[in-house]
Every structure is written in structure tokens, then in C-alpha cells.
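Chain residues, written in single-letter form:
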Amino acid sequence: MIKMYVDTSNKERSQEIISFILNNKYALSINTADERIYICDEESCLTEDIYRLHFITRARLFKQIHNDLKKQFKGDIIKSYATPITALNNQYREELEKELTEPNKKESEGIGFEPN
């Protein structure tokens, strides 16, 4: 299992992304956070408001979710990334394994992806 993060700068689209993830059974629930990114160089700082979605999913679904989001929400996804989950209570893990989408064989070979 992994905790996957999806960042977008469009708050309205974040609601559509949440629906897409849940309707495709990529996650059972999604947490959201409104955040501000600061990017500074030697002369100035820029800020950008982002809407971060994070959820627990199968590691083998990462590539499939990333590619599906990229196709469905062109230009709205700033980035997606994941961190491994090293411990999860058995009851929730079993529920996830039972309810989440099975990865497509083609998409599940490795969790990485090639940037375009």
C-alpha cells in the first residue's frame, strides 16, 4: 500500500478529481489540504495556492491512477507522487484489498512512470 498525493491549483477541479478517484475505486476515502507553495530565488518569491489530495491505495495502482488523471484532467494536475506505507492496521488493510480496483496488468508493472 502507498499514500498517494495529487496536487492541483484548481479548487473546483479538485472536487472532480476526488469524484473520479472514488468512483473508479482507486481509494475508499480522500483527505484534502489547502496549501501555499513558496518558491524563492535570489531576487523574489512567488507563491501558489494548491489543493493537495491524499489517499491510501494499492502500490501497483500508482501508474494507472497517474496516467488516468493525466488523461482526464489535462493541465490540472501539478504533480502526483507517493510514499510507501510501512504499517497499517489489519482490518483497514483487508477492507482496502477487498474494495479497491485491481490494477490493470499492463499498467501495474512497476510503480514508476516515464515522463512525456
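Residues numbered from 1 in each chain as written. Predicted model: local features only at pLDDT ≥ 70, side-chain atom pairs only at ≥ 80, totals over all residues. Heavy atoms only, no water.

## So, the state of the cysteines
Argument step 1. Inspection of every chain in the model, using the stated rule, returns one disulfide.
Argument step 2. Here C40 connects covalently by a disulfide to C45, the sulfurs 1.9 Å from one another. Measuring handedness by torsion sign, the sulfur bridge of C40 and C45 sits at about 110 degrees and is right-handed. (Disulfide = S-S within 2.5 Å.)

## Section: the packing of aromatic side chains
Argument step 1. One pass over the full model with this rule turns up three aromatic pairs.
Argument step 2. Seen in terms of ring centroids, Y5 and Y81 are 4.9 Å apart; in terms of plane orientation they differ by 10 degrees. Their pairing is stacked. Pair noted here: Y5 is in strand β1 (residues 2-8) and Y81 is in strand β4 (residues 77-84), with a separation of 76 residues, a long-range link.
Argument step 3. Using a relative accessible area of 28% as the deciding quantity, one classes Y81 as partly exposed. (Phe/Tyr/Trp six-rings, centres within 6.5 Å; stacked < 30°, edge-to-face > 60°. Helix = DSSP H or I, 4+ residues; strand = E, 2+ residues; numbered from the N terminus. Buried < 20%, exposed > 50% of the residue type's maximum accessible area, 1.4 Å probe, protein only.)

## Re the pattern of salt bridges
Argument step 1. Evaluated as defined, the whole model comprises eight salt bridges.
Argument step 2. Among the ionic pairs, R58 bridges to E102, the shortest N-O distance being 3.2 Å. Within this pair, whereas R58 is found in the loop between β3 (45-57) and α2 (62-72), its partner E102 is found in the segment after α3 (90-99), the two being separated by 44 residues in sequence.
Argument step 3. If you follow the salt bridges from partner to partner, you end up with D7, E35 and R52 in one network. (Salt bridge = Lys/Arg side-chain N within 4 Å of Asp/Glu carboxyl O.)

## Some thoughts on the confidence of the model for the chain
Argument step 1. The predicted model of the chain averages 88 in pLDDT, with 90% of residues at 70 or higher.
Argument step 2. Taking the mean pLDDT of every element in the chain, the minimum, 91, falls on α3 and the maximum, 96, on β1. (pLDDT = per-residue confidence, 0-100.)

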